Amino acid sequence: MSDEIDIKHINMDDLQQKQKVVRMVGTLKGYWRLAFKRSRPARSLSQNRYYFGVVVKALVDWMHDENGEKVEQLEAHDWLARRFLGACVAVDHCAGKIQIEKRHSTHTLTTVQFSEYIEQCRDFLADYCGIITEDPNPAWREECAA
């Protein structure tokens, strides 16, 4: 057996998958480090449609109406992502490169994380811009916890 076992996702509700993992662990010898992390699906298409169609659009419209600025949808999205997700910094010491600041991507967020991000954006729109956006799903926290 190799020194590494690569299992990306296991549905613990599927008895056959669970038994396969138990059998595999039962054959191991020596010291191993095992880690289990709850897997959540990536942001959903409906979340994406709501975010761009309601939240980002509201910011674009507000910028135009309030300041007369023509802001593209992706610019508004990038601004929100930088504000609420922050930036990551890459440094390549070996090549002597300077730090490169790049915002965290919304593509890597789980459905729960993306919902929380949308809530931050909605709170900002309400507090700073005076825009109240419709609630996409009042019970999202309960559904994601299940």
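Sequence order as written defines the numbering, with residues in each chain counted from 1. Only residues with pLDDT of at least 70 get local features here, since the model is predicted, and only at 80 or more are side-chain atom pairs given and counted; chain-wide, interface and lining totals rely on the full set of residues. Excluded from the side-chain calculations are hydrogens and water; all other atoms, namely the structure's heavy atoms, are used.

Along the polypeptide, T106 turns up in the loop between β2 (100-103) and α4 (111-129). Beyond its immediate stretch of four places on either side in the chain, T106 contacts R43, H77, A81, L85, F114 and Y117. Think of it this way: any DSSP run of H or I at least four residues long counts as a helix, any run of E at least two long counts as a strand, and we number them from the N terminus. By definition, residues are in contact when any of their heavy atoms lie within 4.5 Å.

What follows concerns the nonpolar core. Counting 23 residues, the largest nonpolar core has Y51, V55, L59, L80, Y117 and L125 as its most contacted members. Sorting the residues of this core by element identifies α2 (45-67), α3 (73-85) and α4 as the ones contributing at least two each. For this core, the leading source of residues is α2, giving ten residues. Those residues within four positions of V55 in sequence are excluded, and the remaining contacts are Y50, L80, I118, C121, R122 and L125. In this description, a nonpolar core means a group of buried Ala, Val, Leu, Ile, Met, Phe, Trp, Tyr and Cys residues linked to one another through side-chain atoms lying within 4.5 Å. Exposure is judged per residue with a 1.4 Å probe applied to protein chains only, and the accessible area is read against the type maximum: over 50% gives exposed, under 20% gives buried, and values in between give partly exposed.

With that settled, consider α2. Expected span of a helix, by definition, is 1.5 Å for each gap between consecutive residues, and there is one gap fewer than residues. In this model, α2 (23 residues) spans 31 Å end to end at C-alpha, consistent with the 33 Å of a helix rising 1.5 Å per residue. For a residue, the bend is simply the angle between two axes, fitted respectively to the seven-residue segment ending there and the seven-residue segment starting there. At K57, α2 is bent by approximately 35 degrees, the largest bend along its length. Taken as a whole, α2 has its buried residues at Q47, Y50, Y51, F52, V55, V56, A58, L59, V60, W62 and M63. Turning to α2, the residues buried within the fold contact α3 and α4. In the stretch just after α2, G68 is the one whose phi turns positive, near 70 degrees.

All right, on to the pattern of salt bridges then. Any carboxyl oxygen of Asp or Glu that lies within 4 Å of a side-chain nitrogen of Lys or Arg is treated as forming a salt bridge with it. Evaluation of the coordinates by the stated rule reveals four salt bridges. Of the charged contacts in the structure, one is a salt bridge between E119 and R122, with a shortest N-O distance of 3.1 Å. Note that E119 and R122 are positioned in helix α4 at a spacing of three residues, about one turn of the helix. Here E119 matches R122 in class, with each residue buried.

The pairing test for Phe, Tyr and Trp rings, Trp by its six-membered ring, is centres within 6.5 Å, and the orientation test on the planes gives stacked under 30 degrees, edge-to-face over 60, and tilted for anything in between. In total, this model carries eight aromatic pairs according to the counting rule given. Ring geometry for W79 against F124: centres 5.3 Å apart, planes inclined by 50 degrees, an arrangement best described as tilted. With W79 in helix α3 and F124 in helix α4, this residue pair connects regions lying 45 residues apart in the sequence. For F124, a relative accessible area of 9% gives the class buried. Ring geometry for F124 versus Y128: centroids 5.3 Å apart, planes at 15 degrees, classification stacked. Of this pair, F124 and Y128 both sit in helix α4, four residues apart, which is roughly one turn of that helix. Through pairs of rings, three or more aromatic residues link up here, namely W62, W79, F84, F124 and Y128.

Next up on the list: α3. Given a rise of 1.5 Å per residue, 13 residues ought to cover 18 Å, and the 17 Å separating the end C-alpha atoms of α3 matches this to within 8%. Taken residue by residue, α3 has A76, H77, L80 and A81 as its buried positions. For α3, the arc enclosing every buried residue in end-on projection is 135 degrees, short of the 170-degree limit, so these residues lie on one face. Of the residues flanking the end of α3, it is G86, one or two places downstream, whose phi is positive at about 75 degrees. Within this analysis, the arc is defined by the directions that extend from the helix axis to the C-beta atoms.

α3 packs onto α2 with a crossing angle of 90 degrees between their chain directions and a minimal axis gap of 9 Å. Relative to α3, the element α2 lies roughly perpendicular. Between α2, through Y51, F52, V55, V56, L59 and V60, and α3, the contact on the second element is made entirely by Q73, L74, A76, H77, W79 and L80. Lys, Arg, Asp and Glu make up the charged group, whereas Ala, Val, Leu, Ile, Met, Phe, Trp, Tyr, Cys and Pro make up the nonpolar group; the residues left over, Gly among them, are polar. Its residues assigned to classes, the contact of α2 with α3 shows ten nonpolar, two polar and no charged. Only the stretch in contact is used when a helix axis is fitted, and all axes are lines through C-alpha atoms; the angle between N-to-C directions ranges over 0 to 180 degrees. Angular relationships are summarised with four words: roughly parallel below 35 degrees, roughly antiparallel beyond 145, roughly perpendicular across 65 to 115, and oblique for the angles in between.

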